[in-house]
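Topology and contacts: notes
Now for the letters of each chain:
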Amino acid sequence: MSIHTKAALNTVLSFFLAMLLFGIILAISNKHNKTYDVTQNKRLSLSEQSAKLVKELKKPVRVVAFSNDHERKNVERILKNYRNANPAMFHFEVLDLLKNPARAKAYDIVYSGQGVLELLPEGGANEPSKRQERLNDFEEQTITNALVKLSDRDSLKLGFLTGHGEASISENQPFGISGLKMALEPEAYKAEEINLAKQPQLPTDLAALIVAGPKAPLLDGERDILKKYIDDGGRLLFWFDAQTDRSYADFLLQYGFEIPDEIILTPDQVGRITQDSAAVVGMIFDAGHPVTKDQKEFILSLLSHPIKAVTDPTRTNGYTVKPLVSSTDMTVVVPTAEVLGKKKMAPPKGKAASFPLVTLASKKQTPTASPSPSASPSPSSDEREARLAVMGGEVFTNQLLRVVGNRDFSVNLINWLVEEEGRITIRPVAEESKPLFLAPGQVRNIVGVQLLLIPMVFLLLGILSAVKRR
Amino acid sequence: MIALMSKELRTYYNSSMAWILTACYLLVIGLVFVILLLQFGSASTRASANPMGMGEVKVMEQLVYPVMWWMAFLLIFLVPLLTMRLFSEEKRSGTLELLFTYPLTEFQIVGAKFFSALLVVTMMVLCSGSTILLLSRLVKIEWPTIGVAYLGLVLLAASFVAYGVWASSLSSNQLVAAVVTFGGLFGMWLVGVFQEAVAVVKEYVGDPSNLTHFETMARGELNSHDVVYYVAWTVLFFFLTMRILESRKWST
């Protein structure tokens, strides 16, 4: 073999070795990838809940996603986040529906953008698993929700009282609360409606009862059931609506909540307020409370009563009552009838001040009849802590749930009520909206600078250098 | 090496090629920026009429990311023009042998040509930052995301230039070098578009396309794999260029 042939072979061999080494380096780095999300609100990362859920997976799961080329990268990005949290237990495939009709048929998938989450079949076979959850999109909430269902986590039952004009969890309209139900499902909550006219007592495995803006008063028997539930260490979230019957205010007074028949407004709203615009901002938080200590965004509450904490301990039946969220100190109160248009609105009498929007009460209770062990995730003895939260206005309806910090606040408040403080976190949110309004003069300047001035400068420099060279 | 690098830089800027390419690059980026900015302004006006729709006006996602993507995509067309002459011209005019008579190693020669071309591309990319600076005066933007996006842009440029230098070392014809560079870079972009065709490769080594790695960085996600990919790609073609130049010893 000539020296030229040897050298040529050496070059070819080194070429292939370099390519092989390149592939090995990429394979190793792909397997041990570390990700840093530098976005302001960590919007490209998984929420703590989702990450915790994936890390706790005991059986391997797989997402089979059918996506078109346009959406593929986004779908892969979200699924990669899950896989990175637990590479051993979370697997995924993203397939083109048109190129994989047999697999799509096996999973009963008709459209791109759908998929399934399934327990990984033995040996990772391509056949569909018997245990699977359908995914109608690849949003984090949908995938986490399916993971909760598939991982057999014990769901906590939340009862939503009905029969008195309350907001409904099956109502998709702006005043419904179906959005809250959807927000709670990924947290392993099971929401169900409870009508005390049809069932004479509350389920024993109820983690918390939510009374969302009732209008009609409770019947005597219903009131007794509710009182017994609380006295036995129950958990109650009560939204006191502007049209809620005043008998509820009397009921809640025994637990230390004083609810004047007034609505909180900002001074500029007085005199020109409508029911839809009587929103106040809750931004003074109890910084030491688990629900609000990490709350970054304010909450918006519509038609909000002040929920004052009774300070005289002899009137609270042993409950510790304290405000959780208050309005700014630039708010005033106006009689409810004036805000609802039943009377002409007069200038507010009191001075501008801060008023509590959400107030909490708690007390250790010994139940008269022990509820089911699944009713509460944590009690180890017979003694339970009754926890109550009363909010003076609309916060978690569909029209307000996605506004600023309302969703996080509402879900975290329920987590606290059921003593699941470990779940309390602030979820990553989408990029903050930043509108940009351009004046005609600004547009002219931008066009002038970007399309004329800067390219012209470089073009002139090019011409100059050409002239100089000649 | 520095002397050779400055000679290469003088060649770029004295021949006005670098100036004109920079002007063209900035003109296209400026045009993209202005169009997207006007669209974003209209979307903001529409959204302001509906407070619930305000969530749709996202400056980083709808304005900064597309502009950064175009900055990267245009490099597919510009880098071949900048790198085509690096070795092809030397080969054609017979000065390559002269170059090897200098007291320089192959590493230094390739390094000087690579870094001079990379410097020109980096200058172009940095000048295009005028759009981002202008935008920052109009609306609050996320600087850490911009920082990671620019890091990605420079790493992408380095990988493109390394490939272009290698392509230039293959032929004495500048046109052939440009076509090989453009074809390769464009092909890699297509690989990123039609990802399912390379699903098996992707399973083991990640995205094979250069531009796909940049896309994640431009959104504000810094992956160690993306950085390793660009560095490994650049080193690979740097090494291959050295081997090609070395091969002249046994081919003549």
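Residues numbered from 1 in each chain as written. Chains lettered and ligands numbered in written order. Predicted model: local features only at pLDDT ≥ 70, side-chain atom pairs only at ≥ 80, totals over all residues. Heavy atoms only, no water.

Comments concerning the overall build of chain A
- On a plain count of helices and strands, chain A comes out with twelve helices and 18 strands.
- What you see for chain A is a C-alpha radius of gyration of 30 Å, clearly larger than the 23 Å of a compact globule of 470 residues, by over 25%.
- Projecting the C-alpha coordinates of chain A onto the three principal axes gives extents of approximately 105 × 65 × 40 Å.
- Scored against the burial criterion, the 470 residues of chain A give a buried share of 49%.
- In chain A, of all internal contacts separated by at least 6 residues, the share reaching a separation of at least 24 is 74%. (Helix = DSSP H or I, 4+ residues; strand = E, 2+ residues; numbered from the N terminus. Rg over C-alpha atoms; globule rule 2.2 N^0.38 Å. Buried < 20%, exposed > 50% of the residue type's maximum accessible area, 1.4 Å probe, protein only. Contact = heavy atoms within 4.5 Å.)

Brief notes about the packing of aromatic side chains
- What the rule picks out here adds up to 30 aromatic pairs over all chains.
- Pairing Phe22 of chain A with Tyr229 of chain B gives two aromatic rings, centres 6.4 Å apart and planes at 50 degrees, and the pair type is tilted. With Phe22 of chain A in helix H1 (residues 3-31) and Tyr229 of chain B in helix H13 (residues 224-246), the pair connects residues from two separate chains. Take Phe22 of chain A and Tyr229 of chain B: they sit in the same class, and that class is buried.
- An angle of 50 degrees between the planes, with centres 5.4 Å apart, marks the rings of Phe238 of chain A and Tyr248 of chain A as tilted. Of this pair, Phe238 of chain A sits in strand S9 (residues 235-239) while Tyr248 of chain A sits in helix H8 (residues 247-253), and the two are ten residues apart along the sequence. (Phe/Tyr/Trp six-rings, centres within 6.5 Å; stacked < 30°, edge-to-face > 60°.)

Details of the domain arrangement of chain A
Residues and elements named next belong to chain A.
- By the assigned domains, chain A splits into domain 1 (48-150) and domain 2 (156-423).
- For domain 1 versus domain 2, the separation of C-alpha centres amounts to 37 Å.
- Across the contact, five residues belong to domain 1 and eight residues belong to domain 2.
- The interface formed by domain 1 and domain 2 contains zero salt bridges.
- The dominant element in the side of domain 1 that touches domain 2, judged by the number of residues it contributes, is helix H5 (residues 140-150), at four residues. (Domains from an automatic or database assignment. Salt bridge = Lys/Arg side-chain N within 4 Å of Asp/Glu carboxyl O.)

Details of the interface of chain B and chain A
- With 74 residues of chain B at the contact, the number on the chain A side is 64 residues.
- Between chain B and chain A the total buried area reaches about 5700 Å² when both faces are included, carbon and sulfur atoms providing 64% of it.
- Applying the counting rule to chain B against chain A returns three salt bridges.
- For Asp207 of chain B, the salt bridge goes to Lys80 of chain A, with nearest N and O atoms at 3.8 Å.
- Across the contact surface, chain B and chain A share 18 residue pairs in polar contact (both at pLDDT 80 or more).
- Looking at which element gives the most residues to the side of chain B that touches chain A, the answer is helix H2 (residues 17-48) of chain B, with 17 residues.
- Its residues assigned to classes, the side of chain B that touches chain A shows 37 nonpolar, 24 polar and 13 charged.
- The pairing of strand S1 (residues 35-37) of chain A with strand S1 (residues 221-223) of chain B spans three bridges and is classified as antiparallel. (Buried area = accessible area lost by both parts, 1.4 Å probe. Polar contact = N/O pair within 3.5 Å; in protein donor to acceptor, adjacent residues only side chain to side chain. Nonpolar A, V, L, I, M, F, W, Y, C, P; charged D, E, K, R; others polar. Pairing = 2+ DSSP bridges.)

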